[in-house]
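Coordinate analysis (summary)
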Amino acid sequence: MEISKILNPESVRVVSQLTSKKRLFQELGEMAAQAYKLNASIAIDGLQERESLGPTGVGHGIALPHARLEDLNRIVGVFVRLEKPLDYDSVDRQPVDLVFGLFAPKDSGVEHLKALALVSRTMRDSGICTKLRANTDPAKLFAILTESRAPQAA
């Protein structure tokens, strides 16, 4: 699995400011609706439902919100670089500025976990994060995220 299979150029954005996690989830849901024709309300509800189980802020300014949705036939992603970091209740209590949202079919099982591991590995790479934080052009952000990398163990 590669990020280029779950992310497309239309699903990458730079957002100047969001005031809450709820507003961030609305942005991610609207992006998924535009890029992949998902129902924005269902996508937003899925993210909020998953977040209620525990925060998806993994530390170092990174959040990986994700949801499993009915009527979705493949795993898709959206990426937001926030110009102003957002308080997110992350494990390290630091605000987030890099957000990779993932949407998977309800019955995706291990494929969802593989995609989440791939995104997590990518976002744990400090070199990639440095490049993402240094760019504001969505096309460049997409290129950074989808560069070919040697596979690594999760």
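For the structure, check the block above.
Structure report, in brief. (Residues numbered from 1 in each chain as written. Predicted model: local features only at pLDDT ≥ 70, side-chain atom pairs only at ≥ 80, totals over all residues. Heavy atoms only, no water.)

1. Comments concerning the layout of surface pockets
- Of the volumes computed, that of the second largest pocket is approximately 220 Å³.
- Taken together, 13 residues form the lining of the second largest pocket, with Gly46, Glu49, Arg50, Arg68 and Lys106 sitting closest to its centre.
- Residue assignment for the lining of the second largest pocket shows that the elements contributing at least two residues are α2 (40-51) and β4 (66-69).
- In terms of residues, the lining of the second largest pocket owes the most to one element, α2, which gives five residues.
- When grouped by side-chain class, the residues that make up the lining of the second largest pocket number four nonpolar, three polar and six charged. (1 Å grid on protein atoms, 1.4 Å probe; cavity = no way out; pocket = protein on both sides within 12 Å on 5 of 7 lines; lining within 4 Å. Points joined across faces, edges and corners; volume = space filled by probe spheres on them. Helix = DSSP H or I, 4+ residues; strand = E, 2+ residues; numbered from the N terminus. Nonpolar A, V, L, I, M, F, W, Y, C, P; charged D, E, K, R; others polar.)

2. Let's talk about the packing of helix α4 (residues 126-133) against helix α5 (residues 138-146)
- Viewed as axis vectors pointing N to C, α4 and α5 meet at an angle of 175 degrees, and their least axial separation amounts to 10 Å. Comparing their axes, α5 and α4 come out roughly antiparallel. Only Leu141, Ile144 and Leu145 of α5 make contact with α4, whose side of the interface consists of Ile128, Lys131 and Leu132.
- Here the contact of α4 with α5 is built from residues that sort into five nonpolar, no polar and one charged. (Axes fitted to C-alpha atoms, helices over the stretch in contact; angles between N-to-C directions. Parallel < 35°, antiparallel > 145°, perpendicular 65-115°, else oblique. Contact = heavy atoms within 4.5 Å.)

3. Quick look at α4
- Three or more residues of α4 are buried, namely Ile128, Cys129 and Leu132. Considered in projection along α4, the buried side chains sweep an arc of 100 degrees and stay on one side of the axis. More than 90 degrees from the buried face of α4, the exposed residues found are Ser126 and Thr130.
- Those residues of α4 that are buried are in contact with β3 (62-63), β5 (76-86), β6 (96-105), α3 (110-124) and α5.
- Backbone nitrogen of Gly127 and a side-chain oxygen of the N-cap are separated by 2.8 Å at the start of α4; the cap is Asp125. (Buried < 20%, exposed > 50% of the residue type's maximum accessible area, 1.4 Å probe, protein only. Arc of directions from axis to C-beta. Polar contact = N/O pair within 3.5 Å; in protein donor to acceptor, adjacent residues only side chain to side chain.)

All quantities given are derived from atomic positions and should not be read as evidence of function.
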